[in-house]
Structure formats: C-alpha cells, structure tokens
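Here's the letter readout for the chains.
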Amino acid sequence: MIIYEASVLASFYNILSKEIAFFLSPYAVLILVSLVIIYTASFGLQSIGRLSEIVFYFSSILFLFPLAIIGKGSFLNIKPIISSFENILNSVPSSFYSYAGIEISFFIMPYVVNKKDFKKAGFISTAIIVFIYTFLTFICIYYLGYELTTKIYYPVFFIMETIEVSIISDFKVVFIFLWSGMILKIMACNHYVVSYTFSRLTRIPYKKSCIITWPFILMFAIFMIPEHGRNVFLGKSVPIIVFTVLTYSIITAIMVKIKGR
C-alpha cells in the first residue's frame, strides 16, 4: 500500500506540475497535497467513506466528457479487435496497476454493518471499475490509435485538450480539478490502511500514525517522480505485489470456507 500510494502521489504531482501548477515549486505542491491527505485520513474510515461517496457522484461526470470525441475517431484504429489471444494474455500483467488497491477491502469488511449486501456491492463496484477502465482504453485507442496511445504517458488528458467548450477557455483545467478530487480520495483511502496497520503494529494512536507514516510515503513518491522511472519500477513491482495479494486472498477465502463448514 505504501508503494501504491506513493506512486499515485508521484503521478499526481507530475500532472499538476506540468499542467496547472508549473509556477509553484515542487515542495509547495507536495506539502499542500500532504496536508490535505493527512487531514482527510485522520478522521477515520466513516468520514473517508462519506467523502468517497460524494466524490464518486462528481467523478462520474468526468467519464461523459470523452463521448464528445466519438465522432472524431476512427474504427480503423481498433481493428483488428482480436489479433492474437497470446498477446492479450501477455498484456494482462501490465494492466494490474489499474486494479491495484482492492486489498483495502480486507480492512473495511470488519467494520461493515450490513454484511448481507457487501458481496453484491463488491461485484457492482468491480463491474463499474472494469467498465470505466475498458471504456477509457477503448476511447483512447479509437481516437489516437494504438501506437500513439502507448507513447503518451497520459492519453486521457491529451484527449481532454482537444475538447472545446464555448463557455470554458481551457477545458483541461476543469477536468483536472474534478479529477483531483478522485485522486485525493484514493490517497486518503490508502493512507488510512497504512496508518491503521502501523497503529495496530506499534500501538501508537491512529491520528499520530497518520503523521508518522507520511514521510515514508513522501520519500517513495520523490523517488518515483520521474515518470519513466516510475513506470519501470511499477512494471516490475506491481505484478509481484498483485500476485501476492491474489494468492493471499485465495488462501484466506479457502481457509474461511473450510472453517465455516
């Protein structure tokens, strides 16, 4: 979770520093974001849950914007849809990063009051995430083509720059502003898990743990700020982390099932 949170922070910094906060020093951006994350995470799981619900409603609007370029793309960019099942299977590990973070559910389940609908909510949320990720990937390739999409670090933001709204001079800034709420929410959720785990291991109060653990997140984030280096590091580490979490989840599920019987 520390690596994942740090990678999100590094990516968030890279985008802000290049798009809308290029006039600020790197330290000012990182300190401001740090204060927001620590303050949000310090209120605990219930407040983070309410924040996540609010952010979800606002962030849902973001995925309607790419529909504006539907008429500008070409279906030739996505053909052939399936050229080789072997290539599809080989590309699976590279997509693990987009689904990382699901292990947070292990820390949330004990505090869920209505456990009857937990499984249903989990399936629905997973389906929404898969749909959004697939939709945005399709839009990027449909509009930019496969080769250009793979060469751009943030193809979605590149597409946002091409959208023109008559009453808004720079639509990309509006998109980044709304998108920032979603990223801050993700980091707050991750920092809750990191702080909660640290608090349970050391018996240090949770709010103090939020402050103590943050320098480690910041240190890893600074290490991953160069975008190319971040991608290389995550390309090697994330598949291992996701495989470990997946194996742990399967073993835990089997043990719980056997114990239940």
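Refer to the structure printed above.
A short tour of the structure in this document, coming up. (Residues numbered from 1 in each chain as written. Predicted model: local features only at pLDDT ≥ 70, side-chain atom pairs only at ≥ 80, totals over all residues. Heavy atoms only, no water.)

Here we come to the side chain of lysine 185. Here lysine 185 shows up in helix α10 (residues 171-202). Here lysine 185 is in contact with Ser52 and Val55, once residues within four sequence places are set aside. (Helix = DSSP H or I, 4+ residues; strand = E, 2+ residues; numbered from the N terminus. Contact = heavy atoms within 4.5 Å.)

Take helix α11 (residues 206-223) next. Here α11 contains 18 residues, and its C-alpha end-to-end distance of 26 Å stays within 8% of the 26 Å for a straight helix at 1.5 Å per residue. The sharpest bend along α11 measures roughly 30° and falls at threonine 213, with the proline proline 215 sitting one to four residues further on. Residues Tyr206, Ser209, Cys210, Thr213, Trp214, Ile217 and Ala221 constitute the buried set of α11. (Expected span 1.5 Å × (residues − 1). Bend = angle between axes of the 7 residues up to and from the residue. Buried < 20%, exposed > 50% of the residue type's maximum accessible area, 1.4 Å probe, protein only.)

Glancing now at the nonpolar core. Of all hydrophobic cores here, the largest spans 50 residues; its most connected members are Leu9, Phe12, Val33, Phe157, Ile159, Trp179 and Met187. Looking at this core, the elements that each hand over two or more residues are α1 (2-19), α2 (26-41), α3 (45-59), α7 (118-144), α9 (155-160), α10, α11 and α12 (227-260). Tallying contributions element by element places α10 first for this core, with ten residues. Setting aside its immediate chain neighbours within four residues, isoleucine 159 contacts Ile69, Ile139, Cys140, Tyr143 and Leu144. (Core = buried A, V, L, I, M, F, W, Y, C linked by side-chain atoms within 4.5 Å.)

Together, Ile54, Phe56, Tyr57, Phe58, Ile61, Leu64, Leu67, Ile70, Ile124 and Ile128 make up an exposed nonpolar region whose accessible area comes to about 920 Å². For the nonpolar patch, the elements supplying multiple residues, two or more each, are α3 and α7. Among the elements that make up the nonpolar patch, the one with the highest residue count is α3 (four residues). Assignment of secondary structure puts leucine 64 in the loop between α3 and α4 (85-91). When its relative accessible area of 53% is taken as the criterion, leucine 64 is described as exposed. (Patch = residues over 30% accessible without salt bridge, like charges linked within 9 Å, V, L, I, M, F, W, Y side chains within 5 Å. Areas by Shrake-Rupley, 256 points an atom, 1.4 Å probe, with all protein chains shown as cover. Salt bridge = Lys/Arg side-chain N within 4 Å of Asp/Glu carboxyl O.)

The next thing to look at is unusual backbone geometry. Positive phi, close to 65°, is recorded for arginine 203, a residue that is not glycine. For arginine 203, the location among the structural elements is in the loop between α10 and α11. Accessibility expressed as a relative area gives 71% for arginine 203, which makes it exposed.

With that out of the way, let us pick up the packing of aromatic side chains. What characterises a pair of aromatic rings is the spacing of the ring centres plus the angle enclosed by the ring planes. Following the criterion strictly, the structure yields six aromatic pairs and no others. Residues phenylalanine 138 and tyrosine 142 carry aromatic rings whose centres are separated by 5.7 Å and whose planes lie at 15° to one another, so their mutual orientation is stacked. Here phenylalanine 138 pairs with tyrosine 142, and both are found in helix α7, just four residues apart, close to one helical turn. Given a relative accessible area of 33%, phenylalanine 138 falls into the partly exposed group. One aromatic cluster is present, formed by Tyr192, Tyr196 and Tyr206 through successive ring pairs. (Phe/Tyr/Trp six-rings, centres within 6.5 Å; stacked < 30°, edge-to-face > 60°.)

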